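Topology and contacts: notes
If you want the building blocks of each chain, they are given just below.
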Amino acid sequence: MEYQVESGYLLFFQAPLAWWAWVLILSLPGLITGGALYYTFAKSESNDERAFYLGFVLFSLPFFLIPFVFQSLYEGLRIEFHASDRQIVVSDNTGNQYVAPFQDFKAYAVHTSSETDDDGRTKYTYELELVRNTGATIHLFETGSAEKMQELIELARSYLDRPLAGSLERQI
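Bear in mind that the values here come from a model prediction, so they are computed numbers and not experimental data. (Residues numbered from 1 in each chain as written. Predicted model: local features only at pLDDT ≥ 70, side-chain atom pairs only at ≥ 80, totals over all residues. Heavy atoms only, no water.)

**What about the sheet that holds strand E5 (residues 97-101)?**
Overall, antiparallel pairing links the 5 strands, which are arranged E1-E2-E3-E4-E5 in an open sheet. Of all strands in the sheet, those bounded by a partner on one side alone are strand E1 (2-6) and E5. Within the sheet, the average angular offset between the axes of one strand and its neighbour, ignoring direction, is 15 degrees. The pairing of strand E3 (residues 78-82) with strand E4 (residues 87-91) spans 5 bridges and is classified as antiparallel. Paired with Ile79 across the bridge in E4 is Val90. (Pairing = 2+ DSSP bridges. Helix = DSSP H or I, 4+ residues; strand = E, 2+ residues; numbered from the N terminus. Axes fitted to C-alpha atoms, helices over the stretch in contact; angles between N-to-C directions.)

Here it is, written out as structure tokens:
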């Protein structure tokens, strides 16, 4: 999720995959298919060779479905903190939305996880979630920087002032 300040509200949104990521995803099956078709029609001398190279084409075809699978998983999720209306609006790319008043939320929660590599370096990941009175949470943001998380918490609290469940400094 990404975030930005719009006119009058704080917006958390699910960003679509960048164009260069699509190029990287589709380049490998494209190269396999292109090479196999070239060898099938230009270099093959027998039907056995053609069948062998066409097998590579058939092997690479499911990889071209990755964009369609990803597009079906992309929800276009948007979470808006409207300070003027004192409500949170959760919507997706289908046009459906859920509106909840500020009093339905009791706190922010920061989940910290760490991963240590073979050299002993530790990498931290911080996840910010908004906790409802029922205990359910809404995932807002994830980062590897404690400073960026602290800035975001201050920004979010300027729109919806709720306590932080646990201390970010203690979690570091």
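The structure having been displayed, the exposition proceeds.
**Things to note about the pairing of E5**
Bridge analysis of E4 against E5 gives 5 bridges, and the strand direction is antiparallel. The residue bridging Ile88 from the neighbouring strand is Ala100, located in E5.

**A short note on the pattern of salt bridges**
Within the structure shown, the criterion is met by 5 salt bridges. Note that Arg121 and Asp119 form a salt bridge whose closest N and O atoms lie 3.0 Å from each other. Since its relative accessible area comes to 52%, Arg121 is described here as exposed. Using a relative accessible area of 62% as the deciding quantity, one classes Asp119 as exposed. (Salt bridge = Lys/Arg side-chain N within 4 Å of Asp/Glu carboxyl O. Buried < 20%, exposed > 50% of the residue type's maximum accessible area, 1.4 Å probe, protein only.)

**Some details on the packing of helix H1 (residues 19-43) against helix H2 (residues 47-60)**
Where H1 meets H2, the closest approach of the two axes is 8 Å, and the angle between their N-to-C directions is 160 degrees. With respect to each other, H1 and H2 are oriented roughly antiparallel. The interaxial crossing formed by H1 with H2 has left-handed handedness. Contact with H1, carried on its side by Pro29, Ile32, Thr33, Ala36, Leu37, Tyr39, Thr40 and Lys43, involves Glu49, Arg50, Tyr53, Leu54, Phe56, Val57 and Ser60 of H2 and no other residues of that element. Looking at the contact of H1 with H2 residue by residue, the class counts come to 9 nonpolar, 3 polar and 3 charged. (Parallel < 35°, antiparallel > 145°, perpendicular 65-115°, else oblique. Left-handed = near helix turned anticlockwise from the far one by under 90°. Contact = heavy atoms within 4.5 Å. Nonpolar A, V, L, I, M, F, W, Y, C, P; charged D, E, K, R; others polar.)

**Looking at the packing of aromatic side chains**
A complete count under the given rule lists 9 aromatic pairs for this structure. Here Tyr3 and Phe12 contribute two aromatic rings whose centre-to-centre distance is 6.1 Å and whose plane-to-plane angle is 45 degrees, an arrangement assigned as tilted. Since its relative accessible area comes to 25%, Tyr3 is described here as partly exposed. Judged by relative accessible area, which is 0%, Phe12 ranks as buried. Of the aromatic side chains, those joined through ring pairs into one cluster are Tyr38, Tyr39, Phe52, Tyr53 and Phe56. (Phe/Tyr/Trp six-rings, centres within 6.5 Å; stacked < 30°, edge-to-face > 60°.)

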